[in-house]
Amino acid sequence: MMKKLPYYISLILANIFFLTASAQVQGVVYKDVNGNGKKDKKERGIEGAILSNGLHVVKTNKEGEFFLPEWEKARFVTLYPNANHAVTKRYIHIKDDIKSYDFAIEEKEKRKEVSFIQISDTETYEYKEWLNDLKRYSDNTRPDFIIHSGDICYESGMEWHAKEVTTQTIGTPVYYSLGNHDLVKGAYGEEFFEKHFGPAWYAFEEGNSLYVITPMMSGDYAPSYTRKEIGVWLQNLLNTYPEKQPKYFFNHDLLTNGENFDFKIDEKSSIHLNDYNLKAWLFGHWHINMTKTHGTSKIKSYATTTAAKGGIDHSPSSFRVVNVDEKGNSSSNLKWTFVDNIIQIVSPHKDKAFKNPDGHIDISVNIYSSKADVDSVTYNIYHDNGLNWSSARNKKLNQMVKNSDWNWSTHYSPKQQSPSFTVAIEARLNNGEVLYRKKTFSIKETSPNQTTNGLWYNLGGNPQHDAVSNIQHSKNYDLAWVKNVNGNIYMSSPVLYKNNVLTASFDDNNATDNYIVCYNASTGKKRWKYQTKNGIKNQMIISEGIVIATDLQGFVYAIDIETGKVKWEKDLNYNRLPALISGTVTKNNIVYTGFGNTLSALDTRTGKTIWTNQEWNGGQGSTPTMTIADNILVTSSNWNGLYGHDLKTGKLLWKRSDKGLRFRNGNVLYKENTLWVAENDGDNGTIHLLNPDTGKTIKTINTLMNNKSTTTPIVTNKNIYIAGSDPGIAAIERKTGRKIWEHEVLPAIFYTPQYFSDQQRSIESTPILVGNELIFGVMDGWLYKLNATTGATTWKTYLGSPVLTSAAITKDGFFICDFAGNI
């Protein structure tokens, strides 16, 4: 562990930069009683106010005066407001004709608790609905400030943000951090940023905590500052504030994946931020959502994706709301953008509800709004003639229970017989709006028979992901049961073992609501629930009666399905960014999991490592689930390539990063001794047929489908079915490449594929071919069943929540999960 920089050394380093200078920058900080922005004779100076020129940090004297030594690179005099001071002018450009740099302060009440919003990597120069969501949410909740943690993006992006995303346009103080794409051409890299947003490193207080904004150390163009200069400023800053004061740092990137937050000044010196009560480090850069506690230090890091578009690892478009208590401890809540006041009754489904074994029926509703939070949800149930002039007089407000950020539910026990019932639901938002839905239904005594054949152990039911089932479903579907896992469900498609159905949740808010959950497949009764260290965003597998899953931090969990007891846990020592989101696969009592140099083959019964990849590392998080092609393991790294490994030894046999395969997001199908790979080469979607032993191309078929989603092709003797990002799903004739039919889905509720933000349609799940019908869920919130011959819709139902999971098929129906956390 490196030691913090002693105070006397920081002073010596600081003196290097102004040893030959004699001039000082001076001014006064005063209480502006009459609010005219000028220091009148009767207005007193403020003692102890803190200011900086970007290197030195000083306090005002009893008269409110300050004196800053000259620094040749100084371009601003910046006031660092304390928690009970409001300022209209935070910084002043240094100019030769300014004699005194004066700052007016007005008093405000110091908050015990603080809330703020973090946005990041918006990378845009045009107005879209995410900004309206941010404005409305800010107006509803009144946070103390909003922070943009970098990659405003190039000159046009910075100009647009400086006009549209400001304190004046939003009505809340807005701060900016410097990202790598904000260092642009000029006299020096940060010149354009400074022109529009002021200093690139600074600090301020809110409540009992200090908030510190630091710049990216490198980028598209070189900055004028050095690491040593930022380190000297930072040490001077930390010497000025109490060591035990809680501190929050903002930077475009994460300082460390470990538990020692050491800011390296040079080869010999560093600042150990753990010694200064660092509470959390907030960043962007990777276009991902993730929350992590850094070992025994208890320091949190919050990675926040872009509110303006889908993330690089398909993290949903979102911004982060952080609440800080009186002791400086934090909790957070992500707000998914582009969602316009959804309310949908999930259960009862259509016109009926089935009693569970306890004699209850489940009332479940999906509700979400990007611009506001749901304060409460109430319901009432009416008999016979439903809600009318008479029954409305005795209306009761029964409270529903919040399960996740998107789902509320309750149980209802019918006390009298009635041919029909009506449920009326009111959701009250914190902006004063009320969302309302009602549904008339009948109650059935017994639920549909829903047992499993216990053979759905991998994505698509097998390690090849050949999503074709020989089962025939002759009728449409009724909802047998619905349960919520108390968190969001991403790409953890359900798996089946005997009469058990399992899935997993993730929590990018606080990394607490992360669970592997097992239910009785017939009744929906929860058998057991296991909390993981972090979220599970992709595919689990089953082997030897054990469910195995890997979380975002690379912890692998193996749980006996019958007992719910842990068989073994293993730390892959992933310890890097981005989050580990690649799906696992299993064959012959071996599970393949991990990413990069933690990609591993593990014995499913003991957790013993059979081999670990030594041949490649790096790249962005990759959403596809790995595929087994006989003796080849196929995996990928986003923006790096597609890899073929020897299944027994882990030896890298081939890599493909050409023909659009470097940017591929979809799962690979293995069928007929061929790898079927859908990708997007420029504007044209294609399917490559690859030799699994060599990775060489056998054939390429142009699909004209935008393939940026995490989906898998389906191949039959005659056709290829390809679900993509836009416009939906299509059938293509194998021999000719002719498109037989195309089915358009609706625009996504929110965006997940990389950089999507313009009403694109997307299917993130793998459709399952059941007999002659395709079953799949979509980001538009609908479940679909299509005739595979014609593409016609034969059944569909609306859930009111995006669906990123694939179905697990049984002889009686199917299981599927939505983003709201329902299975």
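Everything quoted here is computed from the prediction, not taken from an experiment.

**Q** When you look at the overall build of the protein in this model, what are you seeing that I'm missing?
**A** The secondary structure content of the protein amounts to six helices and 61 strands. Its C-alpha atoms give the protein a radius of gyration of 29 Å, near enough to 28 Å, the size a compact globule of 823 residues would have. Expressed along its principal axes, the backbone C-alpha trace of the protein runs to roughly 90 × 75 × 50 Å. Of all intrachain contacts in the protein linking residues separated by at least 6 positions in sequence, the fraction that spans at least 24 positions is 62%. Entry remark: accessible area of the protein is about 31400 Å², with carbon and sulfur atoms responsible for 46%. Positive and negative side-chain charges in the protein, numbering 91 and 86 respectively, have mean positions lying 5 Å apart.

**Q** Explanation requested: the pairing of strand β43 (residues 609-612) in the structure shown.
**A** Pairing analysis gives three bridges linking strand β42 (residues 600-603) to β43, with the strands arranged antiparallel. Note on β43: the bridge partner recorded for Ser600 is Thr612.

**Q** Mind showing me how you'd approach the packing of aromatic side chains here?
**A** Scanning the model with the defined rule gives 45 aromatic pairs in all. With a centroid separation of 4.0 Å and an interplanar angle of 5 degrees, the aromatic rings of Trp616 and Tyr643 are classed as stacked. One end of the pair, Trp616, is in the loop between β43 and β44 (627-629); the other, Tyr643, is in strand β46 (residues 641-646), and 27 residues separate them in sequence. Using a relative accessible area of 8% as the deciding quantity, one classes Trp616 as buried.

**Q** Teacher, can you tell me more about the pattern of salt bridges here?
**A** Charged atoms that come close allow side chains of opposite charge to pair. Counted under the stated rule, the structure contains 34 salt bridges. For Lys355, the salt bridge goes to Glu445, with nearest N and O atoms at 3.0 Å. Of this pair, Lys355 sits in the loop between β23 (352-354) and β24 (361-368) while Glu445 sits in the loop between β30 (434-444) and β31 (468-469), and the two are 90 residues apart along the sequence. Residues joined by salt bridges that share partners form a network here, namely Lys31, Arg44 and Glu107.

**Q** Would you mind going over helix α3 (residues 154-164) with me for this structure?
**A** Count 3.6 residues to each turn of an α-helix, and residues three or four apart come out pointing the same way. Listed as buried for α3 are Gly157, Met158, Trp160, His161 and Glu164. Looking straight down α3, one finds its buried side chains confined to an arc of 165 degrees; they lie on one side. Looking at the packing, one finds that the buried side of α3 touches α2 (129-141), β10 (145-148), α4 (167-170), β11 (174-176) and α5 (191-197).

**Q** How should the sheet that holds strand β29 (residues 421-429) be read in this particular structure?
**A** Each strand in a sheet pairs with its neighbour through backbone hydrogen bonds, running either in the same direction (parallel) or in the opposite one (antiparallel). Pairing in this open sheet of five strands is mixed, and the strands run β23-β30-β29-β25-β26 from one edge to the other. Looking at which strands have only one partner, the edges of the open sheet turn out to be β23 and β26 (398-399). In the sheet, β23 pairs with β30 via three bridges, with the strands oriented parallel. For Ala353, the partnering residue across the bridge sits in β30 and is Ile443.

**Q** Would you take a moment to explain unusual backbone geometry for this structure?
**A** Of all residues except glycine, most have a negative phi; of all peptide bonds, most are trans. For the peptide bond that leads from Ser347 to Pro348, omega is 5 degrees, which places it in the cis range. Assignment of secondary structure puts Pro348 in the loop between β22 (342-347) and β23. With an omega of 0 degrees, the peptide bond between Leu577 and Pro578 qualifies as cis. Here Pro578 lies in the loop between β39 (566-571) and β40 (585-587).

**Q** What exactly am I supposed to notice about the nonpolar core here?
**A** Taken as a class, soluble globular proteins show a tendency for nonpolar side chains to be buried jointly. Counting residues in hydrophobic clusters, the biggest one holds 98 residues, and the most contacted among them are Leu234 and Trp406. For this core, the element with the highest residue contribution is helix α6 (residues 227-240), accounting for six residues. Formed by 46 residues, the second largest nonpolar core is a distinct cluster that contains Leu496, Tyr515, Val517 and Leu786.

**Q** Explain the pairing of strand β1 (residues 24-31) to me, please; I cannot follow it from the model alone.
**A** When a strand is regular, its side chains alternate between the sheet's two faces. Pairing of β1 with strand β4 (residues 65-69) involves five bridges; the strand directions are antiparallel. Of the residues in β4, the one forming a bridge with Gln24 is Pro69. Where β1 and strand β8 (residues 101-107) come together, five bridges link them in parallel fashion. Across the sheet, the residue bridging to Val28 is Asp102, located in β8.

**Q** I tried to follow the state of the cysteines on my own but got confused; where do I start?
**A** For the structure shown, the criterion picks out zero disulfides. No disulfide involves Cys518; its sulfur sits 13 Å from the nearest other cysteine sulfur, which is in Cys817. Overall, Cys518 belongs to the buried group, its relative accessible area being 0%.

**Q** Sorry if this is basic, but what is going on with the environment of Ile610 here?
**A** Within the secondary structure layout, Ile610 lies in strand β43. A sequence separation of 257 residues divides Ile610 from Ala353, and the C-alpha atoms of the two residues are 49 Å apart. With sequence-adjacent residues up to four places away left out, Ile610 is seen in contact with Ile590, Ala601, Leu602, Asp603 and Lys648.

**Q** Just checking my understanding: could you explain the environment of His148 for this structure?
**A** One can find His148 in strand β10. Placed 508 residues apart in sequence, His148 and Arg656 show a C-alpha to C-alpha distance of 37 Å. Look past the residues within four positions of His148 in its chain and what remains in contact with it is Ile119, Ser120, Asp121, Thr122, His161, Tyr175, Tyr176 and Ser177. Within the local environment of His148, its side chain forms a polar contact with the side chain of Thr122, the two groups lying 2.7 Å apart.

**Q** For this particular structure, what's the right way to read the sheet that holds strand β9 (residues 114-119)?
**A** With mixed pairing, five strands are arranged side by side in an open sheet as β11-β10-β9-β20-β21. Two strands in the sheet have a free side with no partner beyond their single neighbour: β11 and β21 (330-336). This sheet shows a mean twist of 25 degrees between the axes of neighbouring strands, independent of strand direction. The pairing of strand β20 (residues 318-324) with β21 spans seven bridges and is antiparallel. Within the sheet, the bridge partner assigned to Val322 lies in β21 and is Ser332.

**Q** What's the story with the confidence of the model for the protein in this structure? I'm lost.
**A** Low pLDDT means the predicted coordinates in that region are not meant to be read closely. Per-residue pLDDT for the protein averages 93, and the proportion of residues at 70 or more is 96%. Scored below 50 in pLDDT, residues 1-22 makes 40 contacts in the model with residues more than four places away or belonging to other chains.

**Q** For this particular structure, what's the right way to read α6?
**A** In this model α6 runs 20 Å from its N-terminal to its C-terminal C-alpha over 14 residues, within 8% of the 20 Å that 1.5 Å per residue would give. Among the 14 residues in α6, 11 count as buried, and that is most of the element. Taken as a whole, α6 has its buried residues at Glu229, Ile230, Gly231, Val232, Trp233, Leu234, Gln235, Asn236, Leu237, Leu238 and Thr240.

**Q** Help me understand the side chain of Glu205 in this model?
**A** By the secondary structure assignment, Glu205 is in strand β12 (residues 202-206). For the buried residue Glu205, which engages in no salt bridge, the nearest side chain bearing the opposite charge is Lys110, 6.2 Å off. A distance of 2.6 Å separates the side chain of Glu205 from the side chain of Gln245, its partner in a polar contact. The contacts of Glu205, once residues within four sequence positions are left out, are Pro81, Asn82, Ala83, Leu210, Tyr211, Tyr241 and Gln245.

Parameters at a glance
Residues numbered from 1 in each chain as written. Predicted model: local features only at pLDDT ≥ 70, side-chain atom pairs only at ≥ 80, totals over all residues. Heavy atoms only, no water. Helix = DSSP H or I, 4+ residues; strand = E, 2+ residues; numbered from the N terminus. Rg over C-alpha atoms; globule rule 2.2 N^0.38 Å. Contact = heavy atoms within 4.5 Å. Areas by Shrake-Rupley, 256 points an atom, 1.4 Å probe, with all protein chains shown as cover. Lys, Arg positive; Asp, Glu negative; His and termini not counted. Charge placed at Lys NZ, Arg CZ, Asp CG, Glu CD. Pairing = 2+ DSSP bridges. Phe/Tyr/Trp six-rings, centres within 6.5 Å; stacked < 30°, edge-to-face > 60°. Buried < 20%, exposed > 50% of the residue type's maximum accessible area, 1.4 Å probe, protein only. Salt bridge = Lys/Arg side-chain N within 4 Å of Asp/Glu carboxyl O. Arc of directions from axis to C-beta. Core = buried A, V, L, I, M, F, W, Y, C linked by side-chain atoms within 4.5 Å. Disulfide = S-S within 2.5 Å. Polar contact = N/O pair within 3.5 Å; in protein donor to acceptor, adjacent residues only side chain to side chain. Axes fitted to C-alpha atoms, helices over the stretch in contact; angles between N-to-C directions. pLDDT = per-residue confidence, 0-100. Expected span 1.5 Å × (residues − 1).

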